[in-house]
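# Residue-level structural notes
Residue strings, one per chain:
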Amino acid sequence: MSIEITRLFDFPYYQLEKYNLDQAFTTKYNGKWQSISSKEYIDQANTISRGLLRLGVQANDKVAVISTTNRTEWNVCDIGILQTGAQNVPIYPTISKEDYEYILNHSEATYCFVSDVTILEKLNQIKGNTKLKAVFTFDDIANEKSWKEVLELGKDESNQEELEQRKAAITTDDLATLIYTSGTTGRPKGVMLTHKNIVSNVLSSEKRVPLVYGQGRALSFLPVCHIFERMLLYLYQYCGISIYFAEAIDKLSENAQEIKPHVMTAVPRLYEKIYDKIYAKGAELTGIKKKLFFWAIELGLQYEPYRANGWWYELQLSIARKLIFSKWKDALGGELKLMVSGSAALQPRLTRIFTAAGMPVMEGYGLTETSPVISVNDMRNGGFRLGTVGKVIDGVEVKIADTGEILVKGPNVMQGYYKDPEKTAEALQNGYFHTGDKGEICKDGFLKITGRTKEMFKTSGGKYVIPPLLEGELKQSRFIEQVMVIGEGEKMPAAFIQPNFEFVREWAQRHNITLGDNADLIRNPKVVERIQEEVDYCNSKFGKWEQIKRFEITPDEWSIDGGQLTPTMKMKRNIIKEMYQDLYDKIYND
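What comes next concerns the included structure. This is a predicted model, so every value here is computed, not measured. (Residues numbered from 1 in each chain as written. Predicted model: local features only at pLDDT ≥ 70, side-chain atom pairs only at ≥ 80, totals over all residues. Heavy atoms only, no water.)

### Quick word on the overall build of the chain
Scanning the chain for helices and strands turns up 21 helices and 26 strands. Computed over its C-alpha atoms, the radius of gyration of the chain comes to 25 Å, within 12% of the 25 Å expected for a compact globule of 590 residues. With the C-alpha coordinates aligned to their principal axes, the bounding extent of the chain is approximately 75 × 55 × 50 Å. Counting only residues that meet the buried cut, the chain has 57% of its 590 residues in that class. (Helix = DSSP H or I, 4+ residues; strand = E, 2+ residues; numbered from the N terminus. Rg over C-alpha atoms; globule rule 2.2 N^0.38 Å. Buried < 20%, exposed > 50% of the residue type's maximum accessible area, 1.4 Å probe, protein only.)

Below you can see the structure in the form of structure tokens.
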């Protein structure tokens, strides 16, 4: 009799019964890949559960997990915590120690698992201001408690019956996790997701997975503390897909060549970086090889699904795939069947080029508050349309408000924000979650995102401007890494532009332009003139009231550590504006 999945910790047991994988999870330690089987996964999770019971963990206690990279231990602890009836509180590794302190206190976490010494050092600075009873580390660190101590505590199976009783008492509607959204403004909010929220999302999303169950390999590297990657890890477990954890983003290509994944997920910024690296290598070629490379690029940028371009295009594409695009695939292992994109809008040119290359990128849409998937593209059965985020998944209802805002109802919608009834009431109205995103439902049920209601502003002339539309267009330029459109209440829209320093330097070298440091680069008249060309091209696609009349180039690379970006690479608009107040004043007061 097949196991019915109603709670998150049912997934491993289902996997054991149906697929019994030898390599459920694989992580690289000291240069060697090490795997655990479905059976070992469950055994270790049960051992952690028994250890936590002996530490006195009660139902509805909160246990935090902070890991620099995705790894097997995270998943073992996740199931181990959930089986006790406690809630897993994953925390982004890159946030400030002040945010660590806020989240640990707000959630009232009693224990914490951390991956390495970097996180431990940050945590130790604020640990005394929290209710934490102990911190356990995945890496072996001298004079620190190891997670192996919890495993040791749980070796004695005499309290297994108590654990079984705890598990039996957990229902599908019970709280499973608190996920603190990184937020572009203000303090993080604790999103309350139940077992049912995430389980329903996994089971509905499964219908869009075009892989061979029980045989596939997935490469995981997006932070598992984010619900997007976490839901996918449960989904892979359900589909019997072996999960391999990349060592780091910069080792992605190397790891992909080692494990030859069939599926991987990323945020748009990463796909942009992969494409930029490929493009830069192509630009270094000479002669016929260079001509062929750029011919293939041009061809790829014209790609339309379902052979819509006709037989002659498809014939050329098959040649381009053989001569050029096959090398792109080889750089990522050679066996990729699917790449998934989420968290932010993906530029259509990237969808076209990668799909043309035989590595289809399926863009989806969702939020932490919706567990996360609302809609996703699927190559099969006409379920893929460029420029959209696919069709809404089964069981989820989407309607567009009069204001254009996307409203969502379904079993995947959160219970609310932890200890914040006011914000909960604001977000959940009449049974619908208000996403803050604007969109439209196209023919045949495809959902298209058109902007964010909170990011739209009016100029002093009363005209509406939607920054993400302009920003998305500008970021298609290889000269521009990040851009933030400004101008609320001002006479005109303007922009802060962070150039792609690496590419600008390459371009300057090709044109015999000497550049000094970044401060010199942004003042160079030829660089400013070249970026002006990119802005002019973008402006040609928008109405006069929307066009960017002035811009200032910033000397910094915007980053998570620098404070300009959230852990999911979204801009912290208020902080960026404050950081560059002098440039803002220069634009509007000069």
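There's more to say after this.
### Quick look at the packing of helix H1 (residues 10-18) against helix H9 (residues 227-239)
Here H1 crosses H9 at 25 degrees, and the two axes come no closer than 8 Å. Classified by the angle their axes make, H1 and H9 are roughly parallel. H1 and H9 meet at a crossing whose hand is left-handed. Where H1 abuts H9, its residues Phe11, Pro12, Tyr14 and Gln15 lie against Tyr234, Tyr236, Gln237 and Tyr238. Class assignment for the residues of the contact of H1 with H9 results in six nonpolar, two polar and no charged. (Axes fitted to C-alpha atoms, helices over the stretch in contact; angles between N-to-C directions. Parallel < 35°, antiparallel > 145°, perpendicular 65-115°, else oblique. Left-handed = near helix turned anticlockwise from the far one by under 90°. Contact = heavy atoms within 4.5 Å. Nonpolar A, V, L, I, M, F, W, Y, C, P; charged D, E, K, R; others polar.)

### A closer look at empty space enclosed by the protein
Considering all chains together, one arrives at four cavities of 30 Å³ or more under this definition. Reported here for the largest cavity is a volume of approximately 50 Å³. Forming the boundary of the largest cavity are Arg269, Glu272, Asp276, Arg349, Lys475, Ser477, Arg478, Ile480, Glu481 and Asn500. Listed by contribution, the elements that provide at least two residues to the lining of the largest cavity are helix H11 (268-283) and strand S24 (480-486). (1 Å grid on protein atoms, 1.4 Å probe; cavity = no way out; pocket = protein on both sides within 12 Å on 5 of 7 lines; lining within 4 Å. Points joined across faces, edges and corners; volume = space filled by probe spheres on them.)

### Points about the sheet that holds strand S13 (residues 361-366)
Spatially, S2-S1-S10-S9-S11-S12-S13-S14-S15 is the arrangement adopted by the nine strands of the open sheet, whose pairing is mixed. With one partner strand each, in any of the chains shown, strand S2 (32-36) and strand S15 (391-392) form the two edges of the open sheet. Across five bridges, strand S1 (residues 25-29) lies against S2 in antiparallel orientation. If you follow Phe25 over to S2, its bridge partner there is Ile36. (Pairing = 2+ DSSP bridges.)

### Here we look at the environment of Ile141
Relative to the helices and strands, Ile141 resides in the loop between strand S6 (134-137) and helix H6 (147-154). The sequence separation of Ile141 and Lys526 amounts to 385 residues, and the corresponding C-alpha distance is 52 Å. In this structure, Ile141 is in contact with Asp116, Val117 and Leu120, ignoring residues within four places of it in sequence.

### Topic: the environment of Met192
You can see Met192 is positioned in strand S8 (residues 190-194). Spatially, the C-alpha atom of Met192 lies 36 Å from that of Gly489, the residues being 297 residues apart in sequence. Ignoring anything within four residues of it in the chain, the contact list for Met192 reads Leu175, Thr177, Leu178, Asn197, Met414, Gln415, Gly416, Tyr417 and Tyr418.

### Thoughts on the pairing of strand S3 (residues 62-66)
Along S3, five of the five residues are buried, which leaves the element largely enclosed by surrounding structure. Neither face of S3 is left uncovered, since the one carrying Lys62, Ala64 and Ile66 and the one carrying Val63 and Val65 both have all their residues buried. The pairing of S3 with strand S4 (residues 87-90) spans four bridges and is parallel. Each bridged residue has a counterpart across the sheet, and for Lys62 the counterpart in S4 is Gln87.

### Overview of H1
Working note: α-helix, 3.6 residues per turn, so residues spaced by three or four point in the same direction. Among all positions in H1, only Asp10, Phe11, Pro12, Tyr14 and Gln15 are buried. A positive backbone phi angle near 45 degrees is found at Asn20, which sits one or two residues after H1.

### Description of unusual backbone geometry
Residue Pro372 is bonded to the preceding Ser371 through a cis peptide linkage, with omega at -5 degrees. Here Pro372 shows up in the loop between S13 and strand S14 (373-376). Although it is not a glycine, Glu108 adopts a positive phi angle of roughly 60 degrees. Here Glu108 is to be found in the loop between helix H4 (97-107) and strand S5 (111-114). Unlike most non-glycine residues, Ser371 shows phi in positive territory, near 70 degrees. Locating Ser371 in the fold gives a position in the loop between S13 and S14. Given the relative accessible area of 0%, Ser371 is considered buried.

### Regarding the packing of aromatic side chains
The tally for this structure, following the rule as stated, stands at 24 aromatic pairs. The interplanar angle of 25 degrees and the centroid separation of 6.2 Å between the aromatic rings of Tyr111 and Phe136 together place this pair among those described as stacked. Linking Tyr111 in strand S5 with Phe136 in strand S6, this pair joins segments that are 25 residues apart in sequence. Per residue, the accessibility class of Tyr111 equals that of Phe136, and both read buried. (Phe/Tyr/Trp six-rings, centres within 6.5 Å; stacked < 30°, edge-to-face > 60°.)

### Looking at the side chain of Gln347
The topology assignment puts Gln347 in the loop between strand S12 (338-341) and helix H14 (348-356). Note on Gln347: relative accessible area 5%, which makes it buried. A distance of 2.7 Å separates polar atoms of two side chains, one belonging to Gln347 and the other to Arg349. Engagement of the side chain of Gln347 in a polar contact is seen with the backbone oxygen of Lys475, the distance being 3.1 Å. Leaving out residues up to four positions away in the same chain, Gln347 has contacts with Glu272, Gly472, Lys475 and Gln476. (Polar contact = N/O pair within 3.5 Å; in protein donor to acceptor, adjacent residues only side chain to side chain.)

### Overview of a nonpolar patch on the surface
A cluster of nonpolar side chains, Trp311, Trp312, Leu315, Ile319 and Leu323, forms an exposed patch at the surface whose accessible area comes to about 570 Å². Mapped onto the elements, Trp311 comes out in helix H13 (residues 311-331). Judged by its relative accessible area of 67%, Trp311 falls in the exposed class. (Patch = residues over 30% accessible without salt bridge, like charges linked within 9 Å, V, L, I, M, F, W, Y side chains within 5 Å. Areas by Shrake-Rupley, 256 points an atom, 1.4 Å probe, with all protein chains shown as cover. Salt bridge = Lys/Arg side-chain N within 4 Å of Asp/Glu carboxyl O.)

These values are about where atoms sit, not about what they do.
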